[in-house]
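Analysis of the macromolecular model
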Amino acid sequence: MASTGDSETQTRGVLHRLLAIFAEVKPREVFGVLVLTLNVFLLLTGYYLLKVVREPLILAGGGLEIGGQKLDLDGPEVKAYAAAGQALLLVGVVRAYGAMARRFGRMQLTTALTLFFAGNLVLFFFLARLGVPLGVPFYLWVGCFNLTVIAQFWSFANDVYTPEQGKRLFAIVGIGSSLGAMFGAQIARRVYVPIGPYNMMLVAAGVLLVCLWLTYLVHRDDLARPGGERASADAPPGGASGGFHIIARDRYLLLIAGLTLVLNWVNSTGEYILDRTLIESATSALDPRDSAPGAPDPTAPAAAPAAPGTAPAAPAAPAADPAAPLAVGAPVYLVDPQASRLLEGKITAAHGGAFDVEAGGKVVEGAEQGLVHPRTEEGKKKALGAIIGTFKGDFFYWVNTFGVLLQLFLVSRIFKYLGVRFALFILPTIALLGYASLAVVPALAVVCFAKIAENSANYSIQNTARQALFLPVGREAKYSAKAAIDTFVVRAGDVLAAGGVIVGHALALSTRHFALFNIALALAWLAVVAGIAREHRRRTADDDAAEPGGAKAA
């Protein structure tokens, strides 16, 4: 009978051979890279649960109904403006993180952050139960949570691995990131209706606690390896200078910050284009006047008084009763998730929780209650939320499916044969081609296809390459400077995008105009990448020359 030690050795041998399919992994590295990969898998799963919860809250209910007034369908604008608030919050977050990094070791720092955000989710759950509106506050919080927690994970990974290890192993860790995003989006799509958005917050809080335990396992394994030093690992990684000061003194870090800024400027503007096109598509079939019967069109001029000798206009029909149950003859909104649009119609027959609805010139049979909503303002909000939630769930699923395929089969090979520097040019090229297509055909299908291509490459090739850029920098920069770049600078790009939305909204710019602006940004992005490539080549010249045969690994 094989001993326990023999079984463990055999298991590690099998895992080692499996991981070797995707990248070069040494036997001693198997446990650490697998646990890190599982950790980021769960982290991204939890994030996408929250991301799918966030979208309907901000687009269909996040501050769009004010003082009981008519629902405003400018959810994309609200979302873009809220991103600016995230940048202001992140100034304080970066400073608080820097102060913690100067006092806590890496495990203490991770523990404090994780427990803080998990506790926040529990608080949001109870606030929701009390009826507190969460659209904009939750959107702001998710933006801070995502950037801070994921930046901390990659700082930890950069601290655990040497530059040589990171070049080999980050491609595998990135697989966990892509798979977690895909899995989380699909799970969120399936459970959004059955368990509701607020219970999903509690699930995400539990996932964070599991991630904390996995981080501890990697920390302990790192200390147990030959050469592992507890004193170094437990030393506070933040130096005397703050993250912003470190960036300002280093041209290489400034260029990385510039890359991050323009990347998120382009991406956030693209998200606005997608959201705007989705809302326009969803409401294109509706009467331009308010859909609730009898409500006046707020954009129409006031009616002129009746001319002498003419009959007065007929009074408007009474508005639908918001409390009226769904019944035969009731005016309703019908959700068409395949076409991502709302239709106006009326119920012709009821079958328990399903209805036959006459809408769009035909009768749709057996539409479930979640797809049929009273033709009231509240009904419009819920129907629009159903379309957004379904569309976004599908969108995130395809983004992350392609991201996983790229991560599994291309990233490690791109890194090995073409290098990190080449990988950085891929995403801006995809963005340039995508927005050029949108400038020609600004339809929802084209926007969706272009954003799927852009985001899937961003979450796989670009993300792995950008994390690898921090391998040749010092420990202080890996934590403090990286935290500043991955939080504040990211949201600064969103602020610039929000500013563009404000200007574009004031000038009544079309989707095509926003696409043309992103084309100009993509060209600037390529110029920044060229500068990073030069600096990265200079910093890694010694490492490249030291490799067998002098082969370039960058």
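Everything numeric in this text was worked out from a predicted model, so none of it was measured.

Quick word on helix α13 (residues 426-440)
The terminal C-alpha atoms of α13 lie 22 Å apart, and with 15 residues this matches the ideal 21 Å at 1.5 Å per residue to within 8%. Buried within α13 we find Ile426, Leu427, Pro428, Ala431, Gly434, Tyr435, Leu438 and Ala439. Structurally, α13 contributes buried residues whose contacts are with α10 (251-283), α11 (377-418), α12 (420-424), α14 (444-468) and α16 (511-539).

A closer look at the pairing of strand β2 (residues 341-351)
Alignment of strand β1 (residues 331-336) against β2, held across six bridges, turns out to be antiparallel. Each residue of the ladder has a partner; that of Asp336, found in β2, is Arg341. Hairpin connection from β1 to β2: four residues lie between these consecutive antiparallel strands, with Ser340 at a positive phi of about 50 degrees. Hairpin geometry of β2 and strand β3 (residues 354-359) is characterised by an intervening segment of two residues between the two adjacent antiparallel strands and by a positive phi of about 70 degrees at Gly352.

As for α10
Along an α-helix, a turn takes 3.6 residues, which lines up residues three or four apart on a common side. The end-to-end C-alpha distance of α10 is 48 Å, a good match for the 48 Å that 33 residues give at a rise of 1.5 Å each. Where α10 begins, the capping side chain belongs to Asp250, and its oxygen is found 2.9 Å from the backbone nitrogen of Tyr252.

So, the environment of Pro331
Along the chain, the position of Pro331 falls in strand β1. Sequence separation between Pro331 and Glu358 is 27 residues, and the spatial gap between their C-alpha atoms is 9.7 Å.

With respect to the packing of α10 against α11
Two elements in contact, α10 and α11, have axes separated by 11 Å at closest approach and are oriented at 135 degrees. When the axes of α10 and α11 are compared, the pair comes out oblique. α10 and α11 meet at a crossing whose hand is right-handed. Where α10 approaches α11, its residues Glu271, Leu274, Asp275, Leu278, Ile279 and Ala282 are matched on the opposing element by Leu384, Ile387, Ile388, Phe391, Lys392 and Phe395.

Let's talk about the packing of aromatic side chains
Scanning all chains against the criterion turns up 18 aromatic pairs. For the pair Phe117 and Phe145, a centre-to-centre distance of 5.4 Å together with 70 degrees between the ring planes defines the contact as edge-to-face. Residue Phe117 is found in helix α4 (residues 106-129), and its partner Phe145 is found in helix α5 (residues 135-160); the two are separated by 28 residues along the sequence. Here Phe117 matches Phe145 in class, with each residue buried. Taken together, a centroid distance of 5.2 Å and an interplanar angle of 90 degrees make the contact between Phe124 and Phe138 edge-to-face. Placement of the pair is Phe124 in helix α4 and Phe138 in helix α5, with a sequence separation of 14 residues.

Here we look at the packing of α10 against helix α15 (residues 475-506)
Orientation of α10 relative to α15, taken along the N-to-C sense of each, is 40 degrees, at an axis distance of 7 Å. The chirality of how α10 crosses α15 is right-handed. Residues Leu253, Ile256, Ala257, Thr260, Leu261, Asn264, Trp265, Ser268, Thr269 and Tyr272 of α10 pack against Ala477, Ala481, Ile485, Val489, Val490, Ala492, Gly493, Asp494, Leu496, Ala497 and Val501 of α15. When grouped by side-chain class, the residues that make up the contact of α10 with α15 number 15 nonpolar, five polar and one charged.

Examining the pairing of β1
Burial of β1 is extensive: five of the six residues sit out of reach of the surface. As judged from the three bridges shared by β1 and strand β5 (residues 372-374), these two strands associate in the antiparallel manner. Pairing of Leu334 across the sheet is with Val372, part of β5.

The rules behind these values
Residues numbered from 1 in each chain as written. Predicted model: local features only at pLDDT ≥ 70, side-chain atom pairs only at ≥ 80, totals over all residues. Heavy atoms only, no water. Helix = DSSP H or I, 4+ residues; strand = E, 2+ residues; numbered from the N terminus. Expected span 1.5 Å × (residues − 1). Buried < 20%, exposed > 50% of the residue type's maximum accessible area, 1.4 Å probe, protein only. Contact = heavy atoms within 4.5 Å. Pairing = 2+ DSSP bridges. Polar contact = N/O pair within 3.5 Å; in protein donor to acceptor, adjacent residues only side chain to side chain. Axes fitted to C-alpha atoms, helices over the stretch in contact; angles between N-to-C directions. Parallel < 35°, antiparallel > 145°, perpendicular 65-115°, else oblique. Left-handed = near helix turned anticlockwise from the far one by under 90°. Phe/Tyr/Trp six-rings, centres within 6.5 Å; stacked < 30°, edge-to-face > 60°. Nonpolar A, V, L, I, M, F, W, Y, C, P; charged D, E, K, R; others polar.

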